Number of protein chains: 2
Amino acid sequence: MSQKQSSRKGNLYLIPTLLGGDDTSILPPQLLQVAQEIDVYIVENVRSARRFLVKLGIKKVGKVIDDLTFHLMDKHADPHQFGQYLQAATKGQHIGLLSEAGCPAVADPGSTVVKAAHKKGIEVIPLVGPSSLMLALMASGMNGQQFTFHGYIPIQKGDRIKYLQRIAAHASKTGETQLFIEAPYRNRHLLNDLFDHLRPENLLCIAADITLPSQYIRTYTIAEWRKKKAKMPDLHKRPVVYVVGR
Amino acid sequence: MSQKQSSRKGNLYLIPTLLGGDDTSILPPQLLQVAQEIDVYIVENVRSARRFLVKLGIKKVGKVIDDLTFHLMDKHADPHQFGQYLQAATKGQHIGLLSEAGCPAVADPGSTVVKAAHKKGIEVIPLVGPSSLMLALMASGMNGQQFTFHGYIPIQKGDRIKYLQRIAAHASKTGETQLFIEAPYRNRHLLNDLFDHLRPENLLCIAADITLPSQYIRTYTIAEWRKKKAKMPDLHKRPVVYVVGR
């Protein structure tokens, strides 16, 4: 293992996954090295976790994949079970935490597992990997010294427009960059709301399919977007991070 | 190049660097592949940029490093020059943007360069690499669905304590995680302020020397920290990301 280990306990490694596609060249060699030595995983979805580990090319794939233990942390999992999942670490085995996409314990139930690990005195080691939020923030050209991530924004149209206007006004006033996401099948609606209801001078970055060959990242003012709208690619059902700032 | 290119223009690649140390195994192979093909860099500090490229092991080091062009984007650089720096891209050359540490264009003047690139229609391509903020957030075990990064917090003691109490109260009320940093030589003072002035139930994650062999990441309530204070390592002059939540 390439990082410090607690004396006898195993560590909880937070292992980022791809944001889609098959290009494992965006994953650091350290990630593969660590995954080679882990037999117990806590994952959101067992099938896609296995698929990811195969893509990674961990050695002795047939044998290893079948020998691995996968614990599930989906919506239906009982958070009280998470403590039990961590028992392997108290017995000296390393554990890997995998998200469906990107960095674990950011936008998934993993943070509850991490919290439990800290309580049990298990060393938590986050590994470097793709974060769509951080990549979108970098590429937006907006202020990265102060920013807020809102997660999913309200669904109901009236609430949503008010929310967007409020955070755009806050960004204009304070310079604090605002990031949010939306369910991919609602992108078209959200884009119309942004184009129709933000102020012409608000800056909007649309960052779609980050790290994929189809990646599309552009920052314009709302006034400019209104002009370019007809020529922009269809973002229906594609993962997008939205960034609003000044 | 592993990602989409605009037709004739060069791209602006945002290239993360190490957070200290020499362990390049935390950097994706893609980063090295891209760096191999870049002759023009925009950097915060030429000396450390060269050192980083040598560590990366770009081929033909002697020749290449001497042939590279480095443009400076430090505090004294005129932001109007940034547009000129990008001219190489409009002529078809790729450009690399390097920060002093971690992800460029997040906590450095790079965002101004990125903004200028978008205006000129230059494709901006963020590469995966270490972000101390994201790693701290993952490892904190706190809510990653809503969070705010505050950058540096106020220096003056009275202002600082009020600021910390305000953001901790906001975290308790809304569940929105709060991240901030401090000049490393002020860590001891800041820790005392946190231990003395936050509420016993506030959760605090201290994430020091992230990705280094001396990495120290722990999350406890303020009440627990007060008990453990005597046994914690000295964080004087070490880079720390602070995370407050519930």
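What comes next concerns the included structure. (Residues numbered from 1 in each chain as written. Chains lettered and ligands numbered in written order. Predicted model: local features only at pLDDT ≥ 70, side-chain atom pairs only at ≥ 80, totals over all residues. Heavy atoms only, no water.)

1. Focus: the overall build of chain A
To be explicit about the condition: Comment: elements are numbered from the N terminus, with helices defined as DSSP H or I runs of at least four residues and strands as E runs of at least two. Only protein chains enter the accessibility calculation, which uses a 1.4 Å probe. A residue is then buried if its area is under 20% of the maximum for its type, exposed if over 50%, and partly exposed in between. Contacts: residue pairs with any heavy atoms within 4.5 Å of one another. In this description, accessible areas are obtained by the Shrake-Rupley approach with a 1.4 Å probe, and a residue is regarded as covered only by the protein chains that are shown.
In terms of regular secondary structure, chain A is built from 10 helices and 10 strands. Its C-alpha atoms put chain A at 60 × 35 × 30 Å along the principal axes. A burial count over chain A gives 57% of its 246 residues as buried. Within chain A, counting contacts between residues at least 6 apart in sequence, those at least 24 apart form 75% of the total. Accessible surface for chain A amounts to roughly 10400 Å². Of this, 51% is attributable to carbon and sulfur atoms.

2. A word on the sheet that holds strand 6 (residues 147–152) of chain A
Condition: For two strands to pair, DSSP has to find at least two bridges joining them. Inter-axis angles, ranging from 0 to 180 degrees, are taken between N-to-C directions of lines fitted to C-alpha atoms, where helices are fitted over the stretch in contact.
With mixed pairing, the 10 strands of this open sheet are ordered in space as 9(A)-8(A)-10(A)-7(A)-6(A)-6(B)-7(B)-10(B)-8(B)-9(B). Two strands close off the open sheet at either side, each with one partner strand: strand 9 (216–221) of chain A together with strand 9 (216–221) of chain B. The sheet shows a mean angle of 15 degrees between the axes of neighbouring strands, direction not considered.

3. Comments concerning the environment of A:Y216
Residues and elements named next belong to chain A. With respect to the helices, strands and loops of the structure, Y216 is situated in strand 9. Measuring from C-alpha to C-alpha, the distance between Y216 and M232 comes to 9.6 Å, with 16 residues separating the pair along the chain. Filtering out sequence-adjacent residues up to four positions away, Y216 remains in contact with I206, A207, A208, W225, M232, P233 and R238.

4. Quick look at the sheet that holds strand 2 (residues 40–43) of chain B
Hydrogen bonds between backbone groups are what pair the strands of a sheet, and the pairing can be parallel or antiparallel. Judged by pairing direction, the sheet is parallel, and its five strands sit side by side in the order 3-2-4-1-5 (chain B) without closing on themselves. Of all the strands in the sheet, just strand 3 (69–72) and strand 5 (124–126) of chain B have a single pairing partner and so form its edges. Recorded for the sheet is a direction-independent mean angle of 25 degrees between the axes of neighbouring strands. With four bridges connecting them, strand 2 of chain B and strand 3 of chain B associate as parallel partners. Bridged to B:V40 within strand 3 of chain B is B:T69. Lying over the sheet, helix 7 (residues 132–140) of chain A contacts strand 1 (12–15) and strand 5 of chain B, oriented at roughly 150 degrees with respect to strand 5 of chain B.

5. What about the interface of chain A and chain B?
The condition that has to hold: Note on terms: buried area is the combined drop in 1.4 Å-probe accessible area of two parts once they are placed together, counting the loss on both. Only one rule defines a salt bridge in this text: a Lys or Arg side-chain nitrogen within 4 Å of an Asp or Glu carboxyl oxygen.
Contacts between chain A and chain B engage 59 residues on the former and 59 residues on the latter. Roughly 4800 Å² of surface becomes buried between chain A and chain B when both sides are summed, with 56% attributable to carbon and sulfur atoms. The largest share of the area that chain A buries against chain B comes from A:H118, A:M138 and A:Q145, three residues that together contribute 14% of it. In this structure, the connection of chain A to chain B is made through two salt bridges.

6. Some thoughts on empty space enclosed by the protein
Basically, it comes down to this: Think of a 1 Å grid over just the protein atoms. A cavity is a set of points where a 1.4 Å probe fits yet cannot get out, a pocket is an open set with protein on both sides within 12 Å along at least five of seven lines, and lining residues have an atom within 4 Å of a point. Grid points are joined across faces, edges and corners, and a volume is the space filled by probe spheres set on the points. By the convention adopted, Pro, Cys, Tyr, Trp, Phe, Met, Ile, Leu, Val and Ala count as nonpolar, Lys, Arg, Asp and Glu as charged, and the other residues, Gly among them, as polar.
Taken as a whole and judged by the stated rule, the model has one cavity of 30 Å³ or more. Looking at the largest cavity, its volume works out to about 100 Å³. Going through the elements one at a time, helix 7 of chain A together with helix 7 (132–140) of chain B are the ones with two or more residues in the lining of the largest cavity. For the lining of the largest cavity, the element with the most residues is helix 7 of chain A, which contributes three residues. Counted by class, the lining of the largest cavity contains 13 nonpolar, four polar and no charged residues.

7. Some details on the pairing of strand 8 (residues 203–208) of chain B
Residues and elements named next belong to chain B. When you tally the buried positions in strand 8, you get six out of six residues, the bulk of the element. Burial along strand 8 is two-sided: the residues L203, C205 and A207 and L204, I206 and A208 are all buried. Relative to strand 9, strand 8 runs antiparallel, the two sharing six bridges. Within strand 9, the position partnered with L203 by the bridge is T221. Across six bridges, the pairing between strand 8 and strand 10 (residues 240–245) is antiparallel. From the neighbouring strand, L204 faces strand 10, where its bridge partner is V244.

8. Here we look at helix 8 (residues 157–174) of chain A
Since there are 3.6 residues in each turn of an α-helix, residues three or four apart along the chain are aligned in direction. Residue and element names in this part refer to chain A. Rules: Given a helix with a known number of residues, its expected span is that number minus one, times 1.5 Å. Here the arc refers to the directions that run from the helix axis out to each C-beta atom.
Taking 1.5 Å as the rise per residue, helix 8 with 18 residues should run 26 Å; its terminal C-alpha atoms sit 26 Å apart, in good agreement. Burial in helix 8 covers these residues: R160, I161, L164, I167, A168 and A171. Down the axis of helix 8, the sector holding all buried residues measures 140 degrees, keeping them to one side. Pointing more than 90 degrees away from the buried face of helix 8 are the exposed residues K162, R166 and K173. Among the structural elements, strand 6, strand 7 (177–181), helix 9 (187–197) and strand 10 (240–245) are those in contact with the buried residues of helix 8. Trailing helix 8 by a residue or two, G175 shows a phi angle of about 80 degrees, which is positive.

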